[in-house]
Amino acid sequence: MKKVIAYTRVSKSVREQLKKKYEVTYFENYEYINDPEFLKALKEASGIIGLELKVTEELLNYAPNLEIVSNVSVGYDNLDINAMTKRNIMATNTPGVLTNTVADAVFGIMLATARRIPELNTFVKNGNWKEYLQLEHFGTDVHNKTIGIIGMGSIGEAIAKRSHFGFDMNVLYHNRSRKEHVEKVYNATYCSLNELLEQSDFVCLMVPSTPETERMIGENEFKRMKQSAIFINGSRGKNVDEKALYQALINNEILAAGLDVFEKEPVNPDNPLLKLDNVIALPHIGAATRENELAMSMLAAKNLEMGLLGKCPPNIINREAYYDDHN
Ligand code: DGY
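Now for a quick tour of the structure. Just so you know, these numbers come straight off a predicted model, no measurement behind them.

Points about the site of the ligand
Item 1. S73, V74, G75, L98, R236, H284, A287 and M296 make up every residue found near the ligand.
Item 2. Here H284 contributes a side-chain N or O atom positioned 2.7 Å from an oxygen atom of the ligand.
Item 3. Against a free-state accessible area of 230 Å², the protein chains account for coverage of 93% of the ligand.

Here we look at empty space enclosed by the protein
Item 1. A complete count under the given rule lists 1 cavity of 30 Å³ or more for this structure.
Item 2. Within this model, the largest cavity holds a volume of roughly 30 Å³.
Item 3. Forming the walls of the largest cavity are N233, G237, V240, E242, L245, L259 and V261.
Item 4. Each residue belonging to the lining of the largest cavity can be placed in one class, and the counts come to 4 nonpolar, 2 polar and 1 charged.

Re the sheet that holds strand 9 (residues 202–205)
Item 1. Pairing is parallel in the open sheet, where 7 strands are placed in the order 8-7-6-9-10-11-12. In the strand order of this sheet, the two ends are held by strand 8 (189–190) and strand 12 (279–281), each with one partner.

Thoughts on the packing of helix 5 (residues 99–114) against helix 7 (residues 154–167)
Each pair of packed helices can be summarised by the angle the axes make with each other and by the distance between the axes.
Item 1. Where helix 5 meets helix 7, the axes come as close as 8 Å, and the angle between the chain directions of the two elements is 55°. Our classification of the angle between helix 5 and helix 7 gives oblique. As for the relative orientation of helix 5 and helix 7, their crossing is right-handed in sense. Every residue of helix 7 that contacts helix 5 at T99, N100, V102, A103, D104, V106, F107 and L111 is listed here: S154, I155, A158, I159, R162, S163 and F167.
Item 2. Counted by class, the contact of helix 5 with helix 7 contains 9 nonpolar, 4 polar and 2 charged residues.

Points about the environment of Y76
Item 1. Positionally, Y76 belongs in the loop between strand 4 (68–71) and helix 4 (81–86).
Item 2. What makes Y76 partly exposed here is its relative accessible area of 36%.
Item 3. Put simply, Y76 and I317 are 241 residues apart on the chain and 8.9 Å apart in space, counted from C-alpha to C-alpha.
Item 4. Discounting residues that sit within four places of it in the chain, Y76 has contacts with N71, I81, N93 and I317.

What counts and how
- Residues numbered from 1 in each chain as written.
- Predicted model: local features only at pLDDT ≥ 70, side-chain atom pairs only at ≥ 80, totals over all residues.
- Heavy atoms only, no water.
- Near = heavy atom within 4 Å.
- Polar contact = N/O pair within 3.5 Å; in protein donor to acceptor, adjacent residues only side chain to side chain.
- Areas by Shrake-Rupley, 256 points an atom, 1.4 Å probe, with all protein chains shown as cover.
- 1 Å grid on protein atoms, 1.4 Å probe; cavity = no way out; pocket = protein on both sides within 12 Å on 5 of 7 lines; lining within 4 Å.
- Points joined across faces, edges and corners; volume = space filled by probe spheres on them.
- Nonpolar A, V, L, I, M, F, W, Y, C, P; charged D, E, K, R; others polar.
- Pairing = 2+ DSSP bridges.
- Helix = DSSP H or I, 4+ residues; strand = E, 2+ residues; numbered from the N terminus.
- Axes fitted to C-alpha atoms, helices over the stretch in contact; angles between N-to-C directions.
- Parallel < 35°, antiparallel > 145°, perpendicular 65-115°, else oblique.
- Left-handed = near helix turned anticlockwise from the far one by under 90°.
- Contact = heavy atoms within 4.5 Å.
- Buried < 20%, exposed > 50% of the residue type's maximum accessible area, 1.4 Å probe, protein only.

By themselves these figures say nothing about function.
Structure (structure tokens):
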């Protein structure tokens, strides 16, 4: 029986299914390197399935039998793809299944930030609602505003759909390539990053984390935004210069920010962004619904099983690793 490490967010029912075919060891934690149990399991594992395990050269050195790492996420910035490919270790992810779940979350964060929902929830629960709500607590409208979506992948599209059909918003987007159907169906306008930053009421960052996107939103970009702009990050923390964001918020260069992701996760409780009232901070909830956990785990398990059978998994990221090894 092949050995598999299941890591963090793999739903229990899927783990049980996997146990019928593999010897599965489950780890719940973020940190592996100081855990002798983990290192022992790694030495023998043919497959790893899970969320956000940092697969580095160092980790791979402990894993001589590894054939596949099946990410339970669409993002795969946790994987050193080059290092894996060199060793013919397949990498897979779970695109598609989470699209609407993440788009819902981004919209929720946008509404919460614009209407100051978490802040006013605390206000009521702390017993501060003693008179008619004053202007100082008012939020800002979302409908009829301009949203600028940076990154028009499938999640970006699902956000454009909600923006156009649900909230009558004017949709701008910036992407590596133009998406004609998005322009046609959601009346979206393609523009340069600078145009998008200057014209949007809501700037919504949805790009993957790559060396090219690292800190792509920093001091200059915040300076270009409207003073009334709300910045939403539903992608990866590394895509934003957090210090520049903090400065932009305290200097009133932008109005507020809704952040589902941080440069370091779990976020350091001392991160100064957490002290600001005009920041909504969430613990990377984009894909985190019960239904979606199951759907992503099932797809990741399918990828894992195909890989361990020597077949090409449906969501392979580094096809070269498969072809080199099997053809
Ligand atoms: C993804 O799938 O990349 C999500 O961000 C994980 O929560």
